[in-house]
Amino acid sequence: MKRFPTLLLPTLLTAVLLTLAAPVRAQATLSLTGGVNRTSLSTDADGASSVFESLTTMSIGLAATLPVSDRFGLQLGGRYVQKGGRLDVLGVLGMMGDMFGGFEEMPPGASFDADYEMDYVELSALARVEFPLSGDRVSGHLLAGQALGLQSSCEAVVRLSGLEEPPFNVSSDCEEGGLDLRKIDFGLAGGAGIDIGLTDSIDAHLGLLYALGLSNLFEDFGGSAKHRALTIRTGLVLPIG
């Protein structure tokens, strides 16, 4: 992951220097947010556009916004976020059967899938552009920048149901299951949000954040597999400093 020190650190240092040097008129703030993710893994394995379906997961985090001017600022964030994807095993087997033959179709209503549920601590440095929407009480903003995810755990949950036999459900640690995963996920992030004044000092926040992973997750995979996650976030914004 050589791109992290060459890309993310200069962005952080430059933005902090600009923040310290510029005449600051806006208020620094701290955002406490929680949200719901729609996350998946984008793949190009063996010519298939994707063999993974989406999962619904959660995210919680903190972000400090340091103003450079009335409209521009730097948002430094950290969040706990769950990512991953659902592997449609039947779809993969069917694709292989079409290519090589010999696959016997499962009965109607049968399902066979594997969820890869990964927990990350994600750090981000995002440029923020703010604009008014309705007087002094409602404002909007756009975000764009870089993110670094550090994987803390990974669990694989395999389910088979819809057969005459009882449903089969087993979970295991990804490494115990023989998956060699990258622990660092470098990527880009961008989004938008609305802040609504509740009091003179506290705002309610509603926003979207999209994370685009650039790192190939699986070390030994027949192609690339990269994180994609769209988060709907709500929370509170408090003044600091």
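The shown structure was predicted, so the numbers you read here are calculated from the model rather than taken from an experiment. (Residues numbered from 1 in each chain as written. Predicted model: local features only at pLDDT ≥ 70, side-chain atom pairs only at ≥ 80, totals over all residues. Heavy atoms only, no water.)

## Considering the overall build of the chain
Helix and strand counts for the chain come out as 2 helices and 10 strands. For the chain, the succession of helices and strands along the chain, N to C, is α-β-β-β-β-α-β-β-β-β-β-β. Going through the 241 residues of the chain one by one, you find that 38% of them count as buried. Within the chain, counting contacts between residues at least 6 apart in sequence, those at least 24 apart form 70% of the total. Counting only carbon and sulfur atoms, one obtains 62% of the accessible surface of the chain, whose full area is about 12900 Å². (Helix = DSSP H or I, 4+ residues; strand = E, 2+ residues; numbered from the N terminus. Buried < 20%, exposed > 50% of the residue type's maximum accessible area, 1.4 Å probe, protein only. Contact = heavy atoms within 4.5 Å. Areas by Shrake-Rupley, 256 points an atom, 1.4 Å probe, with all protein chains shown as cover.)

## Notes on a negative patch on the surface
A cluster of acidic side chains, namely Glu117, Glu155, Asp173 and Glu176, defines a negative patch on the protein surface. Along the chain, Asp173 falls in strand E7 (residues 168-173). Residue classification places Asp173 among the partly exposed positions, given a relative accessible area of 33%. (Patch = residues over 30% accessible without salt bridge, like charges linked within 9 Å, V, L, I, M, F, W, Y side chains within 5 Å. Salt bridge = Lys/Arg side-chain N within 4 Å of Asp/Glu carboxyl O. Lys, Arg positive; Asp, Glu negative; His and termini not counted. Charge placed at Lys NZ, Arg CZ, Asp CG, Glu CD.)

## Description of the layout of surface pockets
Its volume calculated, the largest pocket comes out at about 650 Å³. By residue number, the principal contributor to the lining of the largest pocket is strand E5 (residues 111-134), which donates 4 residues. Of the residues in the lining of the largest pocket, the class split is 10 nonpolar, 10 polar and 9 charged. (1 Å grid on protein atoms, 1.4 Å probe; cavity = no way out; pocket = protein on both sides within 12 Å on 5 of 7 lines; lining within 4 Å. Points joined across faces, edges and corners; volume = space filled by probe spheres on them. Nonpolar A, V, L, I, M, F, W, Y, C, P; charged D, E, K, R; others polar.)

## Some details on the nonpolar core
In globular proteins that are soluble, nonpolar side chains generally tend to be buried together. In terms of nonpolar packing, the biggest core is built from 17 residues, with Phe52, Leu87, Tyr116, Met118, Leu217 and Phe218 touching the most fellow members. Looking at this core, the elements that each hand over two or more residues are strand E4 (72-88), E5 and strand E6 (138-161). Counting residues per element, this core draws most heavily on E5, at 4 residues. Sequence-distant contacts of Met118, that is, excluding residues within four places in its chain, are made with Leu41, Val81, Gln82, Lys83, Gln151, Ser153, Cys154, Leu217 and His227. (Core = buried A, V, L, I, M, F, W, Y, C linked by side-chain atoms within 4.5 Å.)

## Notes on the state of the cysteines
What the rule picks out here adds up to 1 disulfide. A sulfur-sulfur distance of 2.0 Å marks the disulfide that ties Cys154 to Cys174. Note on the Cys154 and Cys174 pair: the S-S dihedral is about -55°, so by sign convention the disulfide is left-handed. With Cys154 in strand E6 and Cys174 in the loop between E7 and strand E8 (184-197), the pair connects residues that are 20 residues apart, well separated along the chain. Residue Cys154 shares its accessibility class with Cys174, and that shared class is buried. (Disulfide = S-S within 2.5 Å.)

## Observations concerning the side chain of Thr65
Note that Thr65 resides in strand E3 (residues 55-67). Given a relative accessible area of 7%, Thr65 falls into the buried group. At 3.2 Å, the side chain of Thr65 forms a polar contact with the side chain of Gln75. (Polar contact = N/O pair within 3.5 Å; in protein donor to acceptor, adjacent residues only side chain to side chain.)

## Observations concerning the confidence of the model for the chain
When pLDDT is averaged along the chain, the result is 80, and 73% of the positions lie at 70 or above. Per-residue pLDDT, averaged within each element of the chain, yields its smallest value for helix H1 (residues 3-21) (46) and its largest for strand E9 (residues 203-213) (96). The model gives residues 12-25 a pLDDT under 50, and that stretch makes 14 contacts with residues more than four places away or in other chains. This model gives residues 96-102 a pLDDT under 50, and the stretch forms 2 contacts once residues within four places in sequence are excluded. (pLDDT = per-residue confidence, 0-100.)

## Re the pairing of E4
Across 2 bridges, strand E2 (residues 52-53) lies against E4 in antiparallel orientation. Within the sheet, the bridge partner assigned to Phe52 lies in E4 and is Leu87. Two strands pair when backbone bridges link them, and E3 and E4 are joined in this way by 9 bridges, in the antiparallel orientation. If you follow Ala64 over to E4, its bridge partner there is Leu76. (Pairing = 2+ DSSP bridges.)

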